[in-house]
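Here is what each chain is made of, one letter per residue.
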Amino acid sequence: MVQKPPSSSQQHPLLQRHNSDPNPISDISMSNSTLPVRERNNMSQPTVAYLGPRASYTHQAALQKFPTDEYAFQPQTEIRDVFEAVQSGKAQRGVVPFENSTNGLVAMTGDLLAGRYWYHPLVRVCGDEYVSVRHCLVGRAMPGVPPMTRKDYAEGDQDPAGHRTEFLHVHELYSHPQAWGQCEKFLGKHLSHASRCNESSTAASAYLVSLEDTPGRTLTMAAIANPKAAEEFGLDVLAEDINDVMGNQTRFLVLRKGETKEEADDLEPTTRFQVSIEMQERAQDRFL
Ligand SMILES: O=C(O)C(=O)Cc1ccccc1
């Protein structure tokens, strides 16, 4: 589980930071850049591929890690597209979500690192970045209805009926599969009637909801995403801070292409059905 402690000595071995990049493109320093920053296509700048679209948590991790005046940022639709961009050399670095403090490994990243999809033999992990994840329910607000706050939500806990009616009109929820498990209390209490649809990222789910303009449908769809995604795609925040655990964090990995095929050949392909801890151990072999 990821919980960024004050000192790395207190970290679980699987979660220790890997910030040393023996082969940096340039000096990779932290930056406090905030969204939104437009992607640039300046060929002279190294490219960072990330799980997009803009305003995803992964975008935020990429912007925290790489200075926006030195790198071009390239959103990718799927996590495997980030691996592909790094493997093919189209991007010099990749950023993917890896694990979360509330509900653990991001399965697709684990699978790709462990070799279940053995198509990216030269991709290596060369750094990491932590992002505080404060999910919101985003969609179209009823006219005049303000966002539900965490305080409203806590007060709801004391309601003997245990249920509230604010979101009965929402029938379809969209998000990245990892987000459901981080918001189970809120969803169980307010949206147990809604069906859940998996999208490639939280920001992609907000974008999808924003595309719906059929009268009578717009209020029935909502997404779990970053408030910046609501802003980016013209949606309203319907409920703030809906993650079960305050201090919810995700650790993102920075990928780069390995120097030689020999490095890759030292790793054996895994079988399809290895359990998560074995995948994590094997994934560790990919760290530089
Ligand atoms: O980056 C995103 O927006 C994602 O969808 C990945 C994710 C999902 C849940 C928590 C953090 C990152």
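Nothing here was measured: the structure is a model prediction, and the numbers come from that model.

A short note on the overall build of the chain
Helix and strand content of the chain: 10 helices and 11 strands. Taken across its 288 residues, the chain has 51% of its residues classed as buried. Surface accessibility of the chain: about 13,300 Å² in total, with carbon and sulfur atoms responsible for 52%.

Brief notes about the pattern of salt bridges
When the charged atoms of two side chains with opposite charge come close together, those side chains can pair. This structure, assessed with the given rule, holds eight salt bridges. Note that Glu-129 and Lys-65 form a salt bridge whose closest N and O atoms lie 3.8 Å from each other. With Glu-129 in strand 5 (residues 123-132) and Lys-65 in helix 1 (residues 57-65), the pair connects residues that are 64 residues apart, well separated along the chain. We note that Glu-129, like Lys-65, is buried. Among the charged side chains, a salt-bridge network with shared partners connects Glu-99, Asp-128 and Arg-251.

Considerations on the confidence of the model for the chain
In the predicted model, the chain carries a mean pLDDT of 79, and the fraction of residues at 70 or more is 70%. Confidence over residues 157-163 falls short of pLDDT 50; this stretch has four contacts with residues more than four positions distant or in other chains. Below pLDDT 50 for its whole length, residues 264-276 participates in 17 contacts with residues either more than four positions away or in separate chains.

So, the environment of Ile-79
Along the chain, the position of Ile-79 falls in helix 2 (residues 79-88). Residue class for Ile-79 comes out buried when judged on its relative accessible area of 4%. Here the alpha-carbon distance between Ile-79 and Leu-112, two residues 33 residues apart in the chain, equals 8.7 Å. Setting aside chain neighbours within four positions, we find Ile-79 in contact with Leu-51, Val-96, Pro-97, Val-106, Met-108, Thr-109, Leu-112 and His-176.

Structural notes on the site of the ligand
Every residue near the ligand is listed here: Ser-56, Tyr-57, Thr-58, Pro-97, His-176, Gln-182, Ser-201, Thr-202, Thr-250 and Phe-252. With respect to the ligand, the side chain of Thr-58 contributes an N or O atom lying 2.6 Å from an oxygen atom. Within the side chain of Thr-202, an N or O atom sits 2.5 Å from an oxygen atom of the ligand. Here the ligand loses 99% of its free accessible area of 310 Å² to cover by the protein chains.

Let's talk about helix 1
Taking burial as the measure, the nine residues of helix 1 include nine buried ones, the bulk of the element. Those residues of helix 1 that fall on the buried side of the exposure criterion are Tyr-57, Thr-58, His-59, Gln-60, Ala-61, Ala-62, Leu-63, Gln-64 and Lys-65.

Structural notes on the packing of aromatic side chains
Per the stated rule, a full pass over the model turns up three aromatic pairs. Ring plane angle 55 degrees and centroid distance 6.1 Å describe the contact between Phe-167 and Phe-186, whose orientation is recorded as tilted. Taken as a pair, Phe-167 in the loop between helix 4 (150-158) and strand 7 (172-175) and Phe-186 in helix 6 (residues 184-190) lie far apart in primary sequence, 19 residues in all. On the basis of relative accessibility, which here comes to 1%, the residue Phe-186 falls in the buried class. Here Tyr-207 and Phe-233 contribute two aromatic rings whose centre-to-centre distance is 5.3 Å and whose plane-to-plane angle is 55 degrees, an arrangement assigned as tilted. Of this pair, Tyr-207 sits in helix 7 (residues 202-211) while Phe-233 sits in the loop between helix 8 (227-232) and strand 10 (236-239), placing them 26 residues apart in sequence. Its relative accessible area of 17% is what places Phe-233 among the buried residues.

A look at the sheet that holds strand 9 (residues 221-225)
A sheet is described by the order of its strands in space; here five strands give the open sequence 8-7-9-6-10, paired in mixed fashion. Either end of the sheet is taken by a strand with one partner, and the two such strands are strand 8 (195-198) and strand 10. Averaged over all pairs of adjacent strands, the angle between their axes in this sheet comes to 35 degrees, without regard to strand direction. Of the pairings in the sheet, the one linking strand 6 (residues 136-139) to strand 10 comprises three bridges and is antiparallel in character. Of the residues in strand 10, the one forming a bridge with Val-138 is Val-237. The strands touched by helix 7 within the sheet are strand 6, strand 7 and strand 9, with strand 9 carrying the most contacts at an inclination of about 155 degrees.

Looking at empty space enclosed by the protein
If you walk through the whole model with that rule in mind, you get one cavity of 30 Å³ or more. Size it by volume and the largest cavity reaches roughly 180 Å³. Lining the largest cavity are 16 residues; nearest its centre among them are Tyr-57, Pro-97, His-176, Gln-178 and Thr-202. Residue assignment for the lining of the largest cavity shows that the elements contributing at least two residues are helix 1, helix 5 (177-180) and strand 11 (249-257). Here the lining of the largest cavity is built from residues that sort into seven nonpolar, nine polar and no charged. Residue-level mapping places the lining of the largest cavity at the junction of two domains, with at least three residues from each of domain 1 (8-132 + 248-284) and domain 2 (136-239).

Cut-off values and rules
- The residue numbers shown here count from 1 along each chain, following its written sequence.
- For this predicted model, a pLDDT threshold of at least 70 governs which residues receive local features, and a threshold of 80 or more governs which side-chain atom pairs are given and counted, while totals over whole chains, interfaces and linings are taken from all residues.
- Remark: hydrogens and water are excluded; side-chain values derive from all non-hydrogen atoms of the structure.
- Counting from the N terminus, the helices are the DSSP runs of H or I reaching at least four residues and the strands are the DSSP runs of E reaching at least two.
- Burial classification: accessible surface area is computed with a 1.4 Å probe over protein chains only, and a residue below 20% of its type maximum counts as buried, one above 50% as exposed, and the rest as partly exposed.
- Calculation of accessible area relied on Shrake-Rupley with a 1.4 Å probe; when residues are assessed, cover is drawn exclusively from the protein chains displayed.
- By convention in these notes, a salt bridge is any Lys or Arg side-chain nitrogen within 4 Å of a carboxyl oxygen on Asp or Glu.
- For every residue, the predictor reports its confidence as pLDDT, a number between 0 and 100.
- The criterion used for residue contact is that any of the two residues' heavy atoms lie within 4.5 Å.
- By convention in this text, a residue qualifies as near a molecule or strand provided that one of its non-hydrogen atoms is within 4 Å of it.
- As used in this structure description, the phrase polar contact means that two N or O atoms lie within 3.5 Å; if the pair is within protein, one of them must be able to donate a hydrogen and the other to accept it, and residues adjacent in sequence are counted only when both atoms belong to side chains.
- Two rings from Phe, Tyr or Trp (for Trp, the six-membered ring) form a pair when their centres are within 6.5 Å of each other. A pair whose planes differ by under 30 degrees is stacked, one over 60 is edge-to-face, and the rest are tilted.
- Whether two strands pair depends on DSSP finding at least two bridges between them.
- Helix axes use the C-alpha atoms of the stretch in contact, all axes being lines fitted to C-alpha atoms, and the angles between their N-to-C directions lie in the range 0 to 180 degrees.
- In the cavity and pocket records, a cavity denotes points on a 1 Å grid over the protein atoms alone where a 1.4 Å probe fits but cannot get out, a pocket denotes an open set with protein on both sides within 12 Å along at least 5 of 7 lines, and lining residues are residues with an atom within 4 Å of a point.
- Grid points are joined across faces, edges and corners, and a volume is the space filled by probe spheres set on the points.
- Polar here means any residue other than Ala, Val, Leu, Ile, Met, Phe, Trp, Tyr, Cys and Pro, which are nonpolar, and Asp, Glu, Lys and Arg, which are charged; Gly is therefore polar.
- The domain boundaries here were taken from an automatic or database domain assignment.

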